[in-house]
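Coordinate analysis (summary)
The residues making up each chain are set out below.
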Amino acid sequence: MTEPLIFELSRPGREGIQLPDNDVPAKAVNELLPADMLRQQELQLPETSELDTVRHFTRLSRMNYGVDVGFYPLGSCTMKYNPKICEDAANLPGFTRLHPYQPEETVQGALELMYQTQNYLAEITGMDAMSLQPAAGAHGELTGLLIIKAYLKSKGEKRNKVIVPDSAHGTNPATATLAGFDVVTVKSDLRGNVDVEALREEVDGNTAALMLTNPNTLGLFEENIVQIAEIVHDAGGLLYYDGANMNAIMGITSPGDMGFDVVHLNLHKTFSTPHGGGGPGSGPVGVKAELEPFLPKPLVIRDKEFYKLYYDLPLSIGKMRSFYASFGVVVKAYTYLISQGVVGLKSVSEHAVLNANYLMRRLAGHLNIPFDRTCMHEFVCNPRGLKENGVRTLDLAKRMLDYGYHPPTIYFPLIVEEVMMMEPTETENKETLDEFADNVVKILQEAVEDPEKVKAAPHDTPVGRLDEVTAARNPVLRYSKK
Amino acid sequence: MKFIPHTSEEQRQMMNELEIKKLEELFQELPDEIKINKDINIPGPLSELEVARQLKKIAEKNKTVDQLTSFLGAGAYDHYIPSAVQHILSRSEFYTAYTPYQPEVSQGVLQSIFEFQSMICELTGMDVANASMYDGASATAEAALMASAATRRTKVLISKAVHPEYRQVLLTYAGGPELQVEEIDYNQGCTEIEKLKQSMDKDVAAVIIQQPNFFGSLEDLKAFADVVHEHKALMVTCADPVSLALITSPGSCGADIVVGEGQGLGIPMAYGGPHLGYMACTKKLMRRMPGRIVGETVDNKGQRGFVLTLQAREQHIRREKATSNICSNQALCALAATVHLSLMGPKGLRQVAEQCLQKAHYTYEQIINLLGYQPVWSVPFFKEFVVKVPQSPAEINNRLLEKGIIGGLDLGRYYPELEDHMLFCVTETRTREEIDRLVALLGGDVK
């Protein structure tokens, strides 16, 4: 089952919208603009009716899998339920119909909401100040590292090195390069922690920062975090917290308590705002007091009962985007925060960890669990004994599609062979986890008994396995009229 | 509100399975000294009804552009959004999905992005577009980094007539790889080509011009492109996609990279975000683009399908050698733009652009006809224009606000030399009645 491109549904002269007539006296366009600046050829946009358009995109939506469709244990992505009330809140005209340059007295509600969200996020992360500006996690990372760079510069220090664990998300090293640092990788030890001795050897007077996710991307808590913080701080470096896995620790510990200096959060993970098929996200950045002067501008402040945008930050790194924040996403996160309260957030983390450990226990006899420890909100595992049948993790993942699941993250982190990373999240019930575990076991049996069936999977999806090699070799990246 | 489904019986069974008595036992590996031992100040939990009341109360503290009549533009535009756009975005198969890592169950997002890329290419006159960027400002900064990597040069020239916030964002991004950024002055409302010529040298990687520029004026892109290419640098244009229904595409004027803000294509202003950055380039630069790109291919049955492609550029493969660190983008906003452009079609989008043009010019003529309000430049403009005003813009805007109108932008805030100048924006959503009311309230007799 495939769907024609919207361009292929186009018929000359068909219209999907009618605008009011122009009600001001009109002049000829070529009187208003010079002839050589006017578009010569008509745009080749689709000409479709409203119904054609609505049906086309509705059919496309049915070829798409989201959390509302089924279980989505995509590790590192925190695919939890996105409450509907948060969508309703963000769609209120009182929020959507605001121009960013409106006078402050006409947007007191928007500013209050941002101010409160800054505070709540600072509270939960144990940081002193928060900026809502970054548009996504990786954008938050860049903001954070530029803050560190500016801070070090203000102290007259030139440190070039940023250390990332070998288990780190790809954005960490990419961000460090973008911020102008040299990247050094530190290896993990046999328990899945950062190798403290290797770290000690790497940290020196040239170290600007260590970027760390805790729990890390293996789903394990970095047990030596206190020692790690000490090593980095003693050498004059700073500790950067990648908040991708914050869903495991809310109300239990915080980056601030662990000794981190700079933090980014992913509102589209921990704080339940939807991922939108790839975005928009939001990646607020928090810092300890010493780094506050370097936050991007403006911050939202309260002056008595009046909320304001505050620009007087002479040491600020500047701006990371236009205007102030992914405001609509912030509205959703705020809604989620007050719906949970601190009690609810703590319970969220406890149940995220409970669900992950339960699912891990259910699968332990059937899949290899490389680290025999309590996991946090996610865990890694890999198949054993399937190599002789030629069945790979990719095949298992594709077969899960036939069973109606979105597969876990595969082939990440890079340090575990044929890895699967499963994150069930707290919003899934026990039956879903039990059924999923049973079906994984069934698929593993199929891989032994009928490996060809698994290798040819998926069988029941709108399209079968796609030829990614040809896509990259002969790129077709836009529609062109046949 | 509780989104945790566990009954106490189920929780007990699960804990039994794990041989634990309390949930705290799951956190035994955490050192005691880092455990939180103070109160955290976040209100709640609240029920859904209480949450709804609270949000409504906060939203009502704002005055919207429906309650007020707005003549603000400057990077966020009040264009009409057809009703069907939000209805499609509310399909939760789209909005509750992650990045399409499993293409077999993500054809909806992938195909819509392919359609988006096609439409952006068509509007900009470029060969290739990516799946989106955060916003116009960060897309502009990323274009500069991309040009620097492609040319192996370290200087970026940006017109002072580019949105001031975009220039600030470029400066912030440039601080990473320590690129040198120089501004090119404007004259008579447009970037001054003589100044550009003086600043060109062999270190210049990119020249960034906005079209229409921050003042709403149209730039002679072709003339700039010739100068830029003479020095083997890349021409980056930051363009308002709505204007491109009416004016020549940057591609046909010689642009190498085109970026911009797509908020005007069906995305609410929403106090500044989330909006939609876009980026397009020539085929030659394709493999240097940041971000996700969707390509067409076939499945194992020969059916057409779509996948994320050219991923060897990206952070999850190349890590510290990636072209950018971008991972999440603005996929749902790109979907909004795709639905919007499908509904508009070539005729609708052109009508929108023409009405902006007509209404902005009508407003301009009326305002400069008022005593004390003066034209400043005589350059072609699209939906925004600058006038010199007889009192301080703050005074004028306060007076207008009392009557329910949000006036133009006070340009002195960004350009000290333009104190007492205002930037007005008039889109197709403003009626003649609203415009006439603005003009009447601006005060001053007719000349």
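It should be emphasised that the depicted structure is a prediction, and the values quoted were computed from it without experimental measurement.

With respect to the domain arrangement of chain A
- Along its sequence, chain A is organised into domain 1 (6-62), domain 2 (85-341) and domain 3 (347-468).
- Inter-centroid distance (C-alpha atoms) of domain 1 of chain A to domain 2 of chain A is 42 Å.

Some details on the nonpolar core
- Of all hydrophobic cores here, the largest spans 136 residues; its most connected members are Phe271 and Phe379 of chain A together with Phe215 and Tyr271 of chain B.
- No other element matches helix H11 (residues 327-363) of chain A, which puts 18 residues into this core.
- The residues touching Phe271 of chain A, leaving out its near neighbours within four places in the chain, are Leu121, Ile124, Met250, Leu265, Asn266, Ala333, Tyr336 and Leu337 of chain A.
- In this structure, Ile6 and Ile17 of chain A together with Tyr278 and Val339 of chain B belong to the second largest nonpolar core, which totals 83 residues.

Some thoughts on the interface of chain B and chain A
- Tallying the contact residues gives 190 residues for chain B and 206 residues for chain A.
- Between chain B and chain A, the buried area comes to about 17000 Å², and carbon and sulfur atoms account for 62% of it.
- Summed over the shared surface of chain B and chain A, the number is 13 salt bridges.
- Run the count over chain B and chain A and you get 90 residue pairs in polar contact (both at pLDDT 80 or more).
- With 25 residues, the single largest contributor to the side of chain B that touches chain A is helix H11 (residues 331-368) of chain B.
- Partitioned by chemical class, the residues of the side of chain B that touches chain A number 95 nonpolar, 57 polar and 38 charged.

Section: the sheet that holds strand S8 (residues 234-239) of chain B
All names here are of chain B.
- One open sheet accounts for seven strands, arranged S2-S10-S9-S8-S7-S3-S4; its pairing is mixed. Whereas interior strands pair on both sides, the edge strands pair on one side only; in this sheet they are strand S2 (128-129) and strand S4 (180-184).
- Summarising the sheet, strand S7 (residues 204-211) and S8 pair through six bridges and their orientation is parallel. Across the sheet, residue Ala206 finds its bridge partner in S8, namely Leu234.
- Where helix H6 (residues 136-151) meets the sheet, it contacts strand S3 (155-159), S7, S8, strand S9 (257-261) and strand S10 (277-281), and its direction lies at approximately 165 degrees from that of S9.
- Packed on one face of the sheet, helix H9 (residues 221-230) meets S7 and S8 and runs near 150 degrees to S8.

Thoughts on the packing of aromatic side chains
- Summed over all chains, the structure comprises 30 aromatic pairs over all chains.
- One aromatic cluster is present, built from ring pairs that chain together Phe95, Tyr101, Phe323, Tyr324 and Phe327 of chain A together with Tyr186, Phe214, Phe215, Tyr271, Trp377, Tyr414 and Tyr415 of chain B.
- If you follow Lys383 of chain B out to its NZ or CZ, it ends over the ring of Tyr77 of chain B, 3.8 Å from the centre.

Considering H6 of chain B
All names here are of chain B.
- With 16 residues, H6 ought to run about 22 Å at 1.5 Å a step, and its terminal C-alpha atoms sit 22 Å apart, in line with that.
- Counting buried residues along H6, 14 of its 16 residues qualify, which places the element largely inside the surrounding structure.
- Measuring from the backbone nitrogen of Ala137 back to the side-chain oxygen at the start of H6 gives 3.3 Å, which picks out Asp135 as the cap.
- Of the residues trailing H6, Arg152 is marked for its positive phi of about 55 degrees.

A closer look at the side chain of His340 of chain B
Residue and element names in this part refer to chain B.
- Mapped onto the fold, His340 is located in helix H11.
- The exposure class of His340 is buried, given its relative accessible area of 2%.
- Residues in contact with His340, not counting those within four places in the same chain, are Tyr80, Ile81, Pro82, Val85, Gly264, Leu265 and Gly266.

Quick word on the domain arrangement of chain B
Residues and elements named next belong to chain B.
- For chain B, the domain assignment lists domain 1 (69-80 + 346-442) and domain 2 (83-339).
- Computed from C-alpha atoms alone, the centre-to-centre distance between domain 1 and domain 2 is 27 Å.
- Between domain 1 and domain 2, the contact holds 31 residues from the first and 30 residues from the second.
- For the pair domain 1 and domain 2, the summed buried surface comes to about 2400 Å²; carbon and sulfur atoms form 65% of the total.
- Summed over the three residues of domain 1 that lose the most area to domain 2, namely Trp377, Phe382 and Tyr415, the buried surface amounts to 25% of that side.

Digging into the pattern of salt bridges
- Under the criterion given, the structure shown has 53 salt bridges over all chains.
- One salt bridge connects Lys308 of chain A with Asp303 of chain A, and the closest N-O pair in it is separated by 2.8 Å.
- Put simply, Arg392 of chain A and Glu418 of chain A hold a salt bridge, and the shortest N to O gap is 2.7 Å. With Arg392 of chain A in the loop between strand S10 (379-381) and helix H12 (393-402) and Glu418 of chain A in the loop between strand S11 (409-410) and strand S12 (420-422), the pair connects residues that are 26 residues apart, well separated along the chain.
- The exposure class assigned to Arg392 of chain A is partly exposed, which follows from its relative accessible area of 43%.
- For Glu418 of chain A, a relative accessible area of 18% corresponds to the buried category.
- Shared partners join several salt bridges into a network, and the residues in it are Arg97 of chain A together with Asp66, Asp78, Arg430 and Glu434 of chain B.

Structural notes on unusual backbone geometry
- Cis geometry marks the peptide bond from Gly279 of chain A to Pro280 of chain A, where omega comes out at 5 degrees.
- By the secondary structure assignment, Pro280 of chain A is in the loop between strand S6 (262-265) and strand S7 (285-287).
- With omega at 0 degrees, the peptide bond leading from Lys297 of chain A into Pro298 of chain A counts as cis.
- Position of Pro298 of chain A relative to the elements: it lies in the loop between S7 and strand S8 (299-303).
- A positive phi is found at Lys232 of chain B, a non-glycine position, where the angle reads about 55 degrees.
- Note on placement: Lys232 of chain B falls in the loop between H9 and S8.
- Lys232 of chain B gets classed as exposed once you look at its relative accessible area, which sits at 66%.
- In the Ramachandran plot, Leu310 of chain B falls in the positive-phi region, its phi being about 50 degrees despite a non-glycine side chain.
- Here Leu310 of chain B lies in the loop between strand S12 (304-308) and helix H10 (315-318).
- Given the relative accessible area of 4%, Leu310 of chain B is considered buried.

How each quantity is defined
Residues numbered from 1 in each chain as written. Chains lettered and ligands numbered in written order. Predicted model: local features only at pLDDT ≥ 70, side-chain atom pairs only at ≥ 80, totals over all residues. Heavy atoms only, no water. Domains from an automatic or database assignment. Core = buried A, V, L, I, M, F, W, Y, C linked by side-chain atoms within 4.5 Å. Buried < 20%, exposed > 50% of the residue type's maximum accessible area, 1.4 Å probe, protein only. Helix = DSSP H or I, 4+ residues; strand = E, 2+ residues; numbered from the N terminus. Contact = heavy atoms within 4.5 Å. Buried area = accessible area lost by both parts, 1.4 Å probe. Salt bridge = Lys/Arg side-chain N within 4 Å of Asp/Glu carboxyl O. Polar contact = N/O pair within 3.5 Å; in protein donor to acceptor, adjacent residues only side chain to side chain. Nonpolar A, V, L, I, M, F, W, Y, C, P; charged D, E, K, R; others polar. Pairing = 2+ DSSP bridges. Axes fitted to C-alpha atoms, helices over the stretch in contact; angles between N-to-C directions. Phe/Tyr/Trp six-rings, centres within 6.5 Å; stacked < 30°, edge-to-face > 60°. Lys NZ or Arg CZ within 6 Å of the ring centre and 35° of its normal. Expected span 1.5 Å × (residues − 1).

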